[in-house]
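Notes for the structure review
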Amino acid sequence: MKSLCAVSCAVLVAVSEGCTYFTVDTPQGEVVGRSMEFGGLSPKEKDEPVPWYVIKTGKNSIFEHNEVAKQCELSHDWKGKYSHVGIAGGPDKQQLNEAINTEGLSVQSHTLRLSQYQKPNTTGTKNICFNNLATYIVSSFASVAEVSAALKNDVSVIGESGTFFHWAVTDKYHQAIVIEYVNGQLNIHNNTVRVMTNDPHFDFHLQNLNQYVWIGTSWSNQTAISVDSEIGVVPKQISHGINLGGIPGDVSPPSRFVKLFYLKQYSQMNTPPQNISDGIILATSILNTVFIPKGVVSFKSSESSYDFTEYSTLKIPSKAQFYFKSYQNNQWRMVDLNKLTFEVGKATFIPVNNGDTGIKDVTGEL
């Protein structure tokens, strides 16, 4: 199975800017939420979505190495062990951006402009090109523990600096990690906060959460300093929502990280989901808070188009299910991997954006 050509991948990397990952915990397993923010491929196409496809890939597929960067000339082919479903982009439909396999392992790639990958290894270690890592993980492993062990001992992830990704990996065993390459070194973070966005590095975002500790869930009570004025006692809380005052509202990666963490943590604490359906509802509502409309995010003069939320997904590791919706169609569509027939070494596709808005006419039901 040939990987996406160098030119297409380079374009995708160049314009990809924002992505969002988080999980919602339920007694039946986690719900993994993700939004994909992306721009068009050229000034002519700046109002058009990237051609994303849902891809079904059978086990035992042969994946050819990718030569998108000079250092990737030394990357290796491999034979996949597990069938998977995910979303891929580009003309060849082979730049896998995220996926879940039949064992419930999920992976997704996010932009990290500070990434610097490892040097190719010429003895023993398998070299995997950075833009093949998501495919390599989801086709080769069944758990986070297996992924961590392989990256530490058996795999070098290669590519020139200036090609930008980091990865979130989650499994059905309630384990989650963030994979980053900093100054040519592998960093694997135990993602206990269950959030990932984009730049800067993951540890910055953890520290940054400490800057918002005033955010809470309690009704404000200022009786100790209240004064009886001509309009009554002041200050006092009158309206709902003051407890979230100061939570970031812009769509930058640090702000999205903070917003996602506090919203999902407080919601799960006060109204914990009781099952997967509850988890899907909560994950959907949280995704709505970071949805980016077209035309609102500025871009550099060297870039060509606005970021917007091209698609969103949910992955259910405990059930091996994959949900997706597009900017144009906000109706969830679901793929149950347990019900699919995977053909060995063969991939099939359906478009994420099929031209349908998903609106249902219920006039006849009234």
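Shown above is the structure to which this text applies.
Residues numbered from 1 in each chain as written. Predicted model: local features only at pLDDT ≥ 70, side-chain atom pairs only at ≥ 80, totals over all residues. Heavy atoms only, no water.

**Some thoughts on the overall build of the chain**
Condition: By the criteria applied, helices consist of DSSP H or I runs no shorter than four residues and strands consist of E runs no shorter than two, each listed in order from the N terminus. Using a 1.4 Å probe, the Shrake-Rupley method yields the accessible areas, and only the shown protein chains count as cover for residues.
Of the regular secondary structure elements, the chain holds six helices and 20 strands. If you sum the accessible surface of the chain, you get close to 16700 Å²; carbon and sulfur atoms cover 52% of it.

**Topic: the packing of aromatic side chains**
Here is the rule: A pair of aromatic rings is counted whenever rings of Phe, Tyr or Trp (Trp by its six-membered ring) have centres within 6.5 Å, and the orientation is called stacked for planes under 30 degrees apart, edge-to-face for over 60 and tilted otherwise. Per-residue accessibility, obtained with a 1.4 Å probe over protein chains only, is compared with the maximum for each type, and a residue is labelled buried under 20%, exposed over 50%, and partly exposed between these values. Lysine and arginine charges are scored as sitting over a ring when NZ or CZ, respectively, is within 6 Å of the ring centre and within 35 degrees of the ring normal.
This model, assessed by the stated rule, comprises 19 aromatic pairs. An angle of 80° between the planes, with centres 6.5 Å apart, marks the rings of Y53 and F349 as edge-to-face. Highlighted residues: Y53 in strand β3 (residues 53-57) and F349 in strand β20 (residues 347-351), separated in sequence by 296 residues. Between Y136 and F141, the ring centres sit 5.5 Å apart and the planes meet at 85°, which makes this aromatic pair edge-to-face. Taken individually, Y136 and F141 each receive the classification buried, so the pair is uniform in this respect. Positioned above the aromatic ring of F308 is the side chain of K294, whose terminal nitrogen or guanidinium carbon lies 5.0 Å from the ring centre.

**Thoughts on the pattern of salt bridges**
Spelled out, the test is: The working definition used for a salt bridge is a side-chain nitrogen of Lys or Arg within 4 Å of a carboxyl oxygen of Asp or Glu.
The final tally for this structure, using the stated rule, is five salt bridges. A salt bridge links K315 to E98, with the shortest nitrogen-to-oxygen separation between them at 2.6 Å. Of the two residues, K315 is situated in strand β17 (residues 308-316) and E98 in strand β7 (residues 95-101); the sequence distance between them amounts to 217 residues. For K360, the salt bridge is made with E365, and the minimal N-O distance between the two is 4.0 Å. A single burial state applies to K360 and to E365, both of which are exposed. Ionic contacts of the salt-bridge type, sharing partners, join the residues R34, E98 and K315 into one network.

**Details of the sheet that holds β3**
Put simply, the rule reads: For two strands to count as paired, DSSP must find a minimum of two bridges between them. Angles here are taken between N-to-C directions and fall from 0 to 180 degrees, while the axes themselves are lines fitted to C-alpha atoms, restricted in helices to the stretch in contact.
Taken in spatial order, the eight strands line up as β13-β12-β11-β8-β7-β6-β3-β20 in an open sheet, and their pairing is antiparallel. Every other strand in the sheet has two partners, leaving β13 (185-190) and β20 as the edge strands with one partner each. For this sheet the average axis-to-axis angle between neighbouring strands, irrespective of direction, equals 25°. Across five bridges, β3 lies against strand β6 (residues 84-89) in antiparallel orientation.

**Some thoughts on the packing of helix α5 (residues 253-270) against helix α6 (residues 276-289)**
Our working rule: Reported orientations rely on four angle classes, namely roughly parallel under 35 degrees, roughly antiparallel over 145, roughly perpendicular from 65 to 115, and oblique for the rest. Helix crossings fall into two classes, left-handed where the near helix is turned counterclockwise from the far one by less than a right angle and right-handed where it is turned clockwise. Any two residues having at least one pair of non-hydrogen atoms within 4.5 Å are treated as being in contact. Put simply, Ala, Val, Leu, Ile, Met, Phe, Trp, Tyr, Cys and Pro go in the nonpolar bin, Asp, Glu, Lys and Arg in the charged bin, and everything else, Gly too, in the polar bin.
In the contact formed by α5 and α6, the axes pass within 10 Å of each other and the chain directions differ by 150°. By the angle class used here, α5 and α6 are roughly antiparallel. Considering how the two elements wind past one another, α5 and α6 form a crossing that is right-handed. Across from K259, L260, L263, K264, S267 and Q268 in α5, the residues of α6 making contact are L282, I286 and T289. In the contact of α5 with α6, the residues fall into four nonpolar, three polar and two charged.

Honestly, it's all geometry; don't read function into it.
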